[in-house]
Amino acid sequence: MCGIAGIYHLQTAKPVDPARLRVMLNAMPYRGDHHGEWTSAGVGLGIVSHEDGAAAAQMGDGPALAQPLPAQPLSSDDEAATIIFDGILFNASELRAELDGRGHRFLARSDAELVLAAWRQWGVDALARLNGLFALAIHDHSRGCVFLARDRMGARPLHYAPLSDGSVAFASELKALLRHPLLGREANLTAVEDYLALGYVPDDNCLVAGVHKLAAGHYMLLQRGDPSAAPICWWRPDFSRRVKASEKEVAEYLAYLLRVVVRDYASVQPMTGLYLSGGMDSGGLAAVMAESSKRAIKSMTIGSGEREWDERAAARALAHRFAGDHHDMAAPSATLAMVDDIADRFDEPCSDLDIPILMALGRDSLSLFSAALVGHGADEIFAGTRRMMFHHQEERLRESLPSFVRRGVLGPLARALPRWDWAPSSARLRARMTSLGQSGTQAYARAVARTGPARRVRVFHDGAVRALGHHIGEGRYWRAMASAKCREPLDRAQFAEWQIALPSQMMSKLDRLGGADQPMILAPFMDYRLAEFVASLPASMRVGKLGGKHVLKQALGKYLPKAVLEQPRIKPEIPVSLWFRGSWASEAQRLATSEIMSRTGWFDMAEIGTMVAAHQAGSEDHGHLLWQLLLLERALGRFMG
C-alpha cells in the first residue's frame, strides 16, 4: 500500500509548490517514508511508499524483479500523461498482452505503467478492464484533465476537497488534506449523527465540512475551465439477473472461483499469511491457500481464556489440519494508549470493537508475514449476518400477513409490550413485532443502527436535534434499498450493505490497519468477482433452511469438518462495557466534561454525565456509546486543535 496526494487548479494554471505536496504526504507516515512529487502548470501529483521505487507497484501476477521498479509519479514516454497509483492488479499479464498487441511498450513490470497505457488506449473505459484494488489519479496534458478513480469495492480510499483558490486537493487520507492551509476545519454535524447511528462515517459524508470521498466504483474527471465536475458511477452490483444452474453446479463453480481469488490475493506479497480464527471463513481461506502453496501457511490467532471469543484451540486444530505454521497471542489489555493509536490511524472514528484486536495481531505478525488474508466480508457477501437472515425470514412473513394486520395490529401491540432489553435479540418479542409492523426497508434500516435514534437524541443538545432536521444516519439504507434493481427482498438488503458498509466501514478499516508497523490486510471474500457471482444467485442459495452462507458452506464442504461449517459466528471484541466500569471509569467521567465536545455546542453534556453514572452503577449499558464518544472526542481534538 502507499498514499497519494495531488492538487489541480480548475480555473487558471497556477503553479503548485512541491513542498506543499510533501507536507501532505508527510501526514501519512503509515503509508511510507519514500516520497515522489511531480508538478506542471496548474497541477501537482505526489506519492509516498514504504520502499524507494516500490510505489510503482509490481504487477500482481508477475515474478520478482532483479532491478527496482520505476518510481512514481510515473510519466509516459512523451510526457503527455502522468499517474499516481495506489493499488494492485490481478490481471496484469492479460492486460499487458493486449496492450502489447496494440503497440504499447513497457520499460518494467509495473502496474502503474500498465494502467497509464490502458488509460491512453481506452480512456475511462479502461476501468472495466482493470481487475484489482486501487485508487488512482492521472493527469492527461493532451486532454486537459485530471482523472480520479476507485476500484469497484472501495479497497483503496480517495478524498477530495474544492478549495477557495479554485483548485481541488485530493489525497488517500483526510489528514493529508488537512495539511492544506486553505481547507477549513469545521466539524460536520450530519457526519456525527451518521457516526453515532452506524459506528462509522459513510463515504457519502465526512467529519470535516467541505471534504468529500470518491465513492467505490466511481470516477471523476476534473477538467480545466469546468468547475462542475461530479463523480460518475462506473460499477455497481447487479442483482437483476439469475444464474441457471443446479445447487451442486453453483457450489462447484464457487469453489473454483474461490481458488482463483485466493490465489490472486495470496500472491500479492512473497510472504503472505493469514489471521486465523476457528471458524469457517478464515478456515476456508487456510484450506484454499494450503492447497496451492508449496510452503506451510503462516497464521496468527488472538484470544483470552477469560473471554467467550477465545478461538486459539480451534485455530490450532485448523492449522494442524492443513499443515500450517501457526502462532497465537493474548488479547490486548485495557490501556488508553490504544485509543490514541486508533485515532492516529483513523482520521474519522470507527467504533468497531475488533480494531484494537486487529492492531495487536498486526504488531505481533509483522515478523512472520508482510501481508495477511482475513475472512472479513464473508457474512456480508454470502448473507450470513443475523440481520440479513432475520430480514429474509420476516419478508416471507410479511408476504403472508395482510397490511392492516401488520400495521394496524402488530405495530400498536408492539408499542404496548415491555422492551426486554436484557434478552437476546432473537427473543425480544417487542422488537420482532415492531419490525413486522414496518415495511421491510424501514425495518432493515432500523436494524443497522449501532446506537438507536432514541439514545442519540439523548446525547444531542436540543439545538443540534433541530439543526439535523430530517437527517438520520440510517436513512441512506432505505434510500439505497428503494433504488436497487433487484428480484428479491434479500437482494435489496445486500445491495445496500455492499454500497454502504463494505467500502465505508470494512474496506476503510482494513486499509487503515495496514502500514509500516502492520502487515497489509487483504479480504478475498470482498472481491468483486465473488460479489457479482453471489448477486446472480437466488436467495434460497444464499440463505438455506439452516441459516445463511448456504452456498459457501456447500463450496467449502470438501475442505472443512461439519462442526466448523455449522459453528456459530464468534466475533472477537474488546469488552468496553466492563472497562468503562473498571480501569476506564475515570476516563468515562472525564468524557462527560470534555471541553472539546462542549465547544461544539452539539452535545448535552449533563445527559452524557447521567448516562455515564447509570452505566457505572450497572442500571444501564452504554458501553459502546461511550466508546463511540471517546473515539469521536479524539478525532475532533485532532482537527479542531
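Just so we're clear, the structure is a prediction, and the values are computed from it rather than from any experiment. For every chain, the first residue of the written sequence is number 1, and numbering continues from 1 onward in sequence order. Local features are withheld for residues below a pLDDT of 70 in this predicted model, meaning they are given only at 70 or higher, and side-chain atom pairs are given and counted only at 80 or more; totals for whole chains, interfaces and linings count all residues. Only hydrogens and water are removed before side-chain values are computed, so all heavy atoms of the structure are retained for them.

Caption draft 1: Local environment of the sheet that holds strand β12 (residues 232-233). Any two strands are treated as partners once DSSP identifies two or more bridges connecting them. A helix here means a DSSP run of H or I that spans at least four residues, while a strand means a run of E at least two residues long, and both kinds are numbered starting from the N terminus. Taken in spatial order, the six strands of this open sheet run β4-β5-β6-β7-β11-β12, and their pairing is antiparallel. Strand pairing shows two members of the sheet lacking a second neighbour, β4 (74-75) and β12, which therefore form its edges. By the bridge criterion, nine bridges tie strand β5 (residues 81-89) to strand β6 (residues 132-140) in an arrangement that is antiparallel. Bridge pairing in β6 places F85 opposite L136. Taken strand by strand, helix α3 (residues 111-122) contacts β4, β5, β6, β7 (145-150) and β11 (218-223), and its axis lies near 120° from that of β5. It only takes one pair of heavy atoms within 4.5 Å for two residues to be counted as in contact. Each axis is a line fitted through C-alpha atoms, and for a helix only the stretch in contact is used; angles between axes span 0 to 180 degrees, taken between their N-to-C directions.

Caption draft 2: Region of the structure containing the pattern of salt bridges. The salt bridge definition used is simple: a Lys or Arg side-chain nitrogen within 4 Å of an Asp or Glu carboxyl oxygen. Scanning the entire structure with this criterion turns up 44 salt bridges. For D491, the salt bridge is made with R242, and the minimal N-O distance between the two is 2.6 Å. Here D491 is found in helix α19 (residues 489-499), whereas its partner R242 is found in the loop between β12 and α6 (247-266), with 249 residues between them in sequence. Just as D491 is buried, R242 falls in that class too. The closest approach of N and O atoms between D340 and R634, which form a salt bridge, is 3.0 Å. Of this pair, D340 sits in helix α9 (residues 337-345) while R634 sits in helix α29 (residues 623-640); the two residues are 294 residues apart in sequence, bridging distant segments of the chain. Salt bridges here are not isolated pairs; linked through shared partners, they connect R31, D86, R156, E173, K175, D347, D511 and R512. A 1.4 Å probe rolled over the protein chains alone gives each residue an accessible area, and that area as a share of the maximum for its type sets the label: buried under 20%, exposed over 50%, partly exposed in between.

Caption draft 3: Quick look at the packing of helix α15 (residues 440-447) against helix α18 (residues 475-483). Axis separation between α15 and α18 bottoms out at 8 Å; the angle between their running directions is 140°. Where α15 crosses over α18, the two elements pack in a sense that is right-handed. Residues G440, T441, Y444 and A445 of α15 touch α18, and the partners they reach there are Y477, W478 and M481. Any residue outside Ala, Val, Leu, Ile, Met, Phe, Trp, Tyr, Cys, Pro, Asp, Glu, Lys and Arg is labelled polar, Gly included; the first ten of those are nonpolar and the last four are charged. Grouping the constituent residues of the contact of α15 with α18 by class yields five nonpolar, two polar and no charged. Left-handed describes a crossing whose near helix is turned anticlockwise from the far helix by less than a right angle; the clockwise case is right-handed.

Caption draft 4: Spotlight on the confidence of the model for the protein chain. Of all residues in the protein chain, 90% attain a pLDDT of 70 or more, and the chain-wide mean is 90. The pLDDT value expresses, per residue, how confident the predictor is, ranging between 0 and 100. Below pLDDT 50 for its whole length, residues 52-67 participates in 52 contacts with residues either more than four positions away or in separate chains.

Caption draft 5: Representation of the packing of α6 against helix α21 (residues 528-535) in the model. Where α6 meets α21, the closest approach of the two axes is 10 Å, and the angle between their N-to-C directions is 165°. Here α6 lies roughly antiparallel to α21, going by the angle between them. Where α6 crosses over α21, the handedness of that crossing is left-handed. Each of V250, Y253, L254, L257, L258, V260, V261, D264 and Y265 in α6 lies in contact with α21, whose residues at this interface are R529, L530 and F533. Partitioning the contact of α6 with α21 into residue classes produces 10 nonpolar, no polar and two charged. Roughly parallel covers angles under 35 degrees, roughly antiparallel covers those over 145, roughly perpendicular covers 65 to 115, and oblique covers all other angles.

Caption draft 6: Main features of the environment of E247. Here E247 is to be found in helix α6. Its relative accessible area of 33% is what places E247 among the partly exposed residues. Those residues in contact with E247, other than ones at most four positions away along the chain, are M541, H550 and Q554.

Caption draft 7: View of the sheet that holds strand β2 (residues 34-40). Strand order in this open sheet of six strands is β2-β3-β1-β9-β8-β10, and the pairing throughout is antiparallel. Strands at the two margins of the open sheet, each flanked by one partner only, are β2 and β10 (212-213). Sheet topology places strand β8 (residues 159-162) next to β10; two bridges connect them, and they run antiparallel. Residue pairing across strands places Y160 opposite H212, the latter belonging to β10.

Caption draft 8: Main features of the packing of aromatic side chains. Aromatic contacts are taken between Phe, Tyr and Trp rings whose centres are within 6.5 Å, Trp giving its six-membered ring; a plane angle under 30 degrees counts as stacked, one over 60 as edge-to-face, and the others as tilted. Applying the stated criterion to the full structure yields 15 aromatic pairs. Ring geometry for F85 and F134: centres 6.2 Å apart, planes at 25°, overall stacked. One end of the pair, F85, is in strand β5; the other, F134, is in strand β6, and 49 residues separate them in sequence. Each member of the pair, F85 as well as F134, is classed as buried. Ring plane angle 90° and centroid distance 6.2 Å describe the contact between F382 and F525, whose orientation is recorded as edge-to-face. On the criterion of sequence distance, the pair formed by F382 in the loop between α11 (378-381) and α12 (386-400) and F525 in the loop between β17 (520-522) and α21 is long-range, its members being 143 residues apart. By relative accessible area, F525 is classed as buried at 1%. Grouped by ring-pair contacts, the aromatic residues W579, F580, W584 and W627 constitute a single cluster. We count a charge as sitting over a ring when the NZ of a lysine or the CZ of an arginine lies within 6 Å of the ring centre and within 35 degrees of the ring normal. For the cation-ring pair, R129 lies above W122, with the distance from its terminal atom to the ring centre recorded as 3.9 Å. The positively charged end of R345 is found above the aromatic ring belonging to Y30, 3.8 Å away from the centroid.

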